[in-house]
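# Inside the fold
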Amino acid sequence: MEYSPFLHSLHVVPSSHVRNKLFVFCIMLSLWVYMIYCCVGYCSTVPNLTYSSARRHENDAATDNRDSSLGASRDLLNNENELDSRGDEWDEVRSEAKAVDDSAMSGFLNETESKKLPQAIIIGVKKGGTRALLEFLRLHPDIRAVGAEPHFFDRNYDKGLEWYRELMPKSSEDQLTMEKTPSYFVTREVPSRIYSMSKDTKLIVVVRNPVTRAISDYTQTRSKKPDIPSFETLTFKNISAGLIDTTWSAVQIGMYARHLERWLQFFPMEQLLFVSGERLITDPAGEMARVQDFLGLRRVVTEKYFHFNPTKGFPCLKRPEVNAKPHCLGKTKGRTHPNIDPQVVRTLRDFYKPFNRKFYKMTGHDFGWD
């Protein structure tokens, strides 16, 4: 067989210099593939925020006339999610995206992050201060919370727990997953449904003077429907007799003791925390200390995170680690209430007194509304 330089070259063993280059090239290629994989996995979670929000609004129209937990409710204030909070929800989605951005670097190479069902839920009440509490909690590095209200246990339960889980942000084993939907507290079916998901779920209720809460509820609706009847007209079945209309949801929600009885059929009082909506404004750090203790978290969110805004009338958030302008809640928060006939306010206070006193006894805490 004749000697061939070409064939001979095929059997030449590559030099160590060439092998080193090939080795470095393979490592770099592997790193690039891994980074692309991580980016694709991260980005795939972002559209779920807007998609789930859009899907939820499609279902809201079909469920707006649902009766409340105490019977048929003449609910003229059932537009919170369709009208007033729709603008807020865009703020919530933007806030959610910011929270994702803040934790992106920590989760970029962390394959242990996953979507989990919430271990704690803010279940109420509407116009009590739930949005403020959620925004305060999201400052904590050990909490991951979905911004928009899922309404799973009252409106979307038929979609199943996996649908619900997909709405949640990714979190690590050391982080707590949360959501808030204020209508849960007053919806009859919700306690048993949350218990079926997990009997260990921690429940938070932000409560507020029921008279002030009802006026705030009415104010929210009137800002979108200025032609609705007066607060006085909606409050009474018979104004001359002073007979309160308890079928109106604005009145009905504030009967806290009656709603709480239903929750105590499934959860012990130790698993419920009642946050004062008033103290959340006057002493946000104090209430946040209670909440963080209840959730078993470090007291990270303290006085340095709050800046009181005299124009808004409630505290705004600031990040002490950066010299940035304080962030306040949306323009729909802190509306000026209409002037209500003082006699109507007194009648409502008298109506709520037995409910309030029973609520104080059940919770072991006097909220000072009488």
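Throughout what follows, the structure given in this document is the object of discussion. It should be emphasised that the depicted structure is a prediction, and the values quoted were computed from it without experimental measurement.

Scanning the protein chain for helices and strands turns up 15 helices and 11 strands. The buried share of the protein chain, taken over its 370 residues, is 48%. Excluding contacts between residues fewer than 6 apart, the proportion of contacts in the protein chain whose partners are at least 24 apart in sequence is 74%.

Within the secondary structure layout, N156 lies in the loop between α6 (152-155) and α7 (161-167). Looking at N156, its side chain comes within polar contact range of the main-chain oxygen of P150, at 3.2 Å.

One finds I123, F153, Y164, F185, I194, W263 and F359 to be the most contacted residues of the largest nonpolar core, which totals 32 residues. Of all elements in the fold, only β2 (120-124), α6, α7, α8 (190-197), β6 (202-207), α12 (256-263), β9 (272-276) and α15 (342-363) reach the threshold of two or more residues within this core. When sequence neighbours within four positions are dropped, the list of residues in contact with F185 reads I123, G124, V125, V205, Y256, H259, L260, R262 and W263. Core analysis: the next-biggest nonpolar cluster, separate from the first, contains 30 residues, L134, F306, L317 and L329 among them.

Helical periodicity: at 3.6 residues per turn, an α-helix aligns residues three or four positions apart in one direction. In this model helix α9 (residues 210-222) runs 18 Å from its N-terminal to its C-terminal C-alpha over 13 residues, within 8% of the 18 Å that 1.5 Å per residue would give. Counted residue by residue, α9 has 11 buried out of 13 residues, so it is predominantly covered. Every buried residue of α9 is accounted for by P210, V211, R213, A214, I215, S216, D217, Y218, T219, Q220 and T221. Where α9 starts, the residue carrying a side-chain oxygen 2.9 Å from the main-chain nitrogen of V211 turns out to be N209.

A cis amide bond links G124 with the next residue in sequence, V125, at an omega value of -5°. Structurally, the position occupied by V125 is in the loop between β2 and α5 (130-137). With a phi close to 60°, K127 is a non-glycine residue in the positive phi region. Tracing the chain through its elements places K127 in the loop between β2 and α5. Here K127 falls in the buried class, since its relative accessible area comes to 14%. At H151, a residue that is not glycine, the phi angle is positive and equals roughly 50°. Position of H151 among the secondary structure elements: in the loop between β3 (143-145) and α6. The class of H151 is buried, set by a relative accessible area of 1%.

This next bit is on α15. End to end, α15 covers 29 Å across 22 residues, agreeing with the expected 32 Å (1.5 Å per residue, within 8%). The largest bend in α15 amounts to roughly 40° and is located at K353, with the proline P354 lying one to four residues further along. The N-terminus of α15 is capped by D341, whose side-chain oxygen sits 2.9 Å from the backbone nitrogen of Q343. One or two residues past the end of α15 sits G364, with phi positive at roughly 75°.

Take the pattern of salt bridges next. By the definition in use, this model includes 15 salt bridges. Here K115 and E166 are joined by a salt bridge, their closest N and O atoms 3.4 Å apart. Separated by 51 residues along the polypeptide, K115 in strand β1 (residues 114-115) and E166 in helix α7 bring together distant segments of the chain. Overall, the relative accessible area of 40% leaves E166 in the partly exposed class. Residues D350 and K353 are paired through a salt bridge, measuring 3.8 Å at the closest nitrogen-oxygen approach. Remark: K353 and D350 occur in helix α15; sequence separation between them is three residues, near one turn of the helix. Note on D350: relative accessible area 48%, which makes it partly exposed. Three or more residues joined by partner-sharing salt bridges are found here, namely R279, D283, E287 and R290.

Pairing in this open sheet of five strands is parallel, and the strands run β3-β5-β2-β6-β9 from one edge to the other. Where the open sheet ends on each side, the last strands, each with one partner, are β3 and β9. Taking the axes of each pair of neighbouring strands and ignoring which way they run, one obtains an average angle of 25° across the sheet. For β2 and β6, the ladder comprises four bridges, and the chain directions are parallel.

Below, the discussion takes up the packing of aromatic side chains. Under the criterion given, the structure shown has 24 aromatic pairs. Judged by centre distance (4.8 Å) and plane angle (80°), the rings of F136 and F306 are edge-to-face. A residue pair is termed long-range when its members are at least 10 positions apart, and F136 in helix α5 and F306 in strand β10 (residues 306-309) qualify at 170 residues. Comparing F136 with F306 shows no difference in burial state: the two are buried. With centroids separated by 5.2 Å and ring planes inclined at 75°, the aromatic side chains of F153 and Y164 adopt a geometry described as edge-to-face.

Conventions and cut-offs
- All residue numbers refer to positions counted from 1 along the written sequence of the respective chain.
- pLDDT decides what is reported in this predicted model: residues at 70 or higher carry local features, side-chain atom pairs at 80 or more are listed and counted, and totals for whole chains, interfaces and linings draw on all residues regardless.
- As a rule here, side-chain values cover all heavy atoms of the structure and leave hydrogens and water aside.
- Think of it this way: any DSSP run of H or I at least four residues long counts as a helix, any run of E at least two long counts as a strand, and we number them from the N terminus.
- The cut-offs for exposure are 20% and 50% of the maximum accessible area for each residue type, with area from a 1.4 Å probe on protein chains only; residues under the lower value are buried, those over the upper are exposed, and the others partly exposed.
- In this analysis, two residues are considered to be in contact whenever any of their non-hydrogen atoms come within 4.5 Å of each other.
- For this analysis, a polar contact is any N or O atom pair within 3.5 Å, provided that within protein one partner can donate a hydrogen and the other can accept it, and provided that sequence-adjacent residues contribute only side-chain to side-chain pairs.
- Among the buried residues, those of types Ala, Val, Leu, Ile, Met, Phe, Trp, Tyr and Cys that are joined through side-chain atoms within 4.5 Å form a nonpolar core.
- Multiplying 1.5 Å by the residue count of a helix minus one yields the expected span of that helix.
- Fitting one axis to the seven residues ending at a residue and another to the seven starting there, the bend at that residue is the angle between the two axes.
- Whenever Lys or Arg places a side-chain nitrogen within 4 Å of a carboxyl oxygen from Asp or Glu, that contact is recorded as a salt bridge.
- Paired strands, as defined in this entry, are two strands with at least two bridges between them according to DSSP.
- All axes are obtained by fitting lines to C-alpha atoms, using only the stretch in contact for helices, and the reported angles, taken between N-to-C directions, cover 0 to 180 degrees.
- Any pair of Phe, Tyr and Trp rings, taking the six-membered ring for Trp, is counted once the centres come within 6.5 Å. Such a pair is stacked with planes under 30 degrees apart, edge-to-face with planes over 60 apart, and tilted for the rest.

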